[in-house]
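What follows is the residue order along each chain.
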Amino acid sequence: RAVDGVRAAEGELTGTAGVVGSDGRPVLGYGVLAAIPTDAALQSYDVVAGRLPAQPGELVLDQRTVAEQGFDLGAPVRVGGASGAARPYTLVGTVDVAGTPRDMGGPFIGLVGADALTATGRRGYERIMVAAEAGTADHLAERVAEVVGADTTVRTRQEILDAAVADEVRDLRQFNLGLLTFAGVA
């Protein structure tokens, strides 16, 4: 955050967790838990109702889970992770994750960073997201790299997007190769 040109910086992580349903039983499906940034410059969620969590003790869930369980904004929802028993968080919003990499078929759980670390039992973040001040993005990655050291990989938004596209192309090629193999066998 102290690097010249940094507008905002926050930790990011994803893990697994579970939601206790309105009937007291676990909500089925692979539950994805994510640390939600509190700074608007770093947020990339489609909020359907309410808002994103702004402080510890608050959470958002995907709209499908909220609808299926009949959860109400402002009500407590119990979430458990690797760190132990489920604890209550206040539901402050719902997000649309359908059709995105955040949709794994089960609940999507968004907590602020400190709560996400606690729920997952992790001691640190997977990566740090940085937003640039207007007009400073050109050399910001270089300045950040100087501060964090050689052990850390620093990538620009474009490099991250290019890598994601390359991964999708590779996955599509592998899928097509699998289809051709099955066609050849048939």
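These numbers come from a predicted model, not from an experiment.

(A) Broad picture of the overall build of the protein. The helix and strand tally for the protein stands at four helices and ten strands. The order of helices and strands in the protein, counted from the N terminus, is β-β-β-β-β-β-α-β-β-β-α-β-α-α. Pairs at least 24 residues apart make up 70% of the contacts formed inside the protein by residues separated by at least 6 positions. Counting every atom, the protein has about 11300 Å² of accessible surface; 53% of that belongs to carbon and sulfur.

(B) Structural view of the environment of threonine 38. Within the secondary structure, threonine 38 sits in the loop between strand S4 (32-35) and strand S5 (46-50). Taking the C-alpha atoms as reference points, threonine 38 and leucine 111, 73 residues apart in sequence, are found 9.7 Å from one another. With residues near it in sequence (within four places) discarded, threonine 38 still touches Glu10, Gln43, Pro53, Ala54 and Val112.

(C) Examining the pairing of strand S9 (residues 108-111) more closely. Side chains Phe108 and Gly110 project from S9 onto one buried face, and the interleaved Ile109 and Leu111 project onto a second face that is buried too. One ladder, built from four bridges, connects S4 with S9; its direction is parallel. Bridge pairing in S9 places leucine 33 opposite isoleucine 109. In this structure, strand S6 (residues 58-62) lies alongside S9, joined through three bridges in antiparallel fashion. Its bridge partner being in S9, leucine 61 is matched across the sheet by isoleucine 109.

(D) Quick peek at a nonpolar patch on the surface. A contiguous nonpolar surface patch, about 260 Å² in accessible area, is contributed by Tyr125, Ile128 and Val130. As for its position among the elements, tyrosine 125 is in the loop between helix H2 (113-120) and strand S10 (127-132).

(E) Broad picture of the nonpolar core. Among the nonpolar cores identified, the biggest contains 19 residues, and Val19, Leu33, Leu59, Leu61, Ile109 and Leu111 are the most heavily contacted of them. Counting residues per element, the ones that place at least two in this core are S4, S6, strand S7 (76-81), strand S8 (84-96), S9 and H2. Take this core: its biggest share by element is three residues, from H2. Ignoring sequence-local partners within four residues, the contact set of valine 19 consists of Arg25, Pro26, Val27, Leu61, Phe71, Val77, Arg78, Val79, Pro107 and Ile109. Counting ten residues, the second largest nonpolar core, distinct from the first, contains Val32, Ala34, Val92 and Val95.

Cut-offs used in this document
- Residues numbered from 1 in each chain as written.
- Predicted model: local features only at pLDDT ≥ 70, side-chain atom pairs only at ≥ 80, totals over all residues.
- Heavy atoms only, no water.
- Helix = DSSP H or I, 4+ residues; strand = E, 2+ residues; numbered from the N terminus.
- Contact = heavy atoms within 4.5 Å.
- Areas by Shrake-Rupley, 256 points an atom, 1.4 Å probe, with all protein chains shown as cover.
- Buried < 20%, exposed > 50% of the residue type's maximum accessible area, 1.4 Å probe, protein only.
- Pairing = 2+ DSSP bridges.
- Patch = residues over 30% accessible without salt bridge, like charges linked within 9 Å, V, L, I, M, F, W, Y side chains within 5 Å.
- Salt bridge = Lys/Arg side-chain N within 4 Å of Asp/Glu carboxyl O.
- Core = buried A, V, L, I, M, F, W, Y, C linked by side-chain atoms within 4.5 Å.

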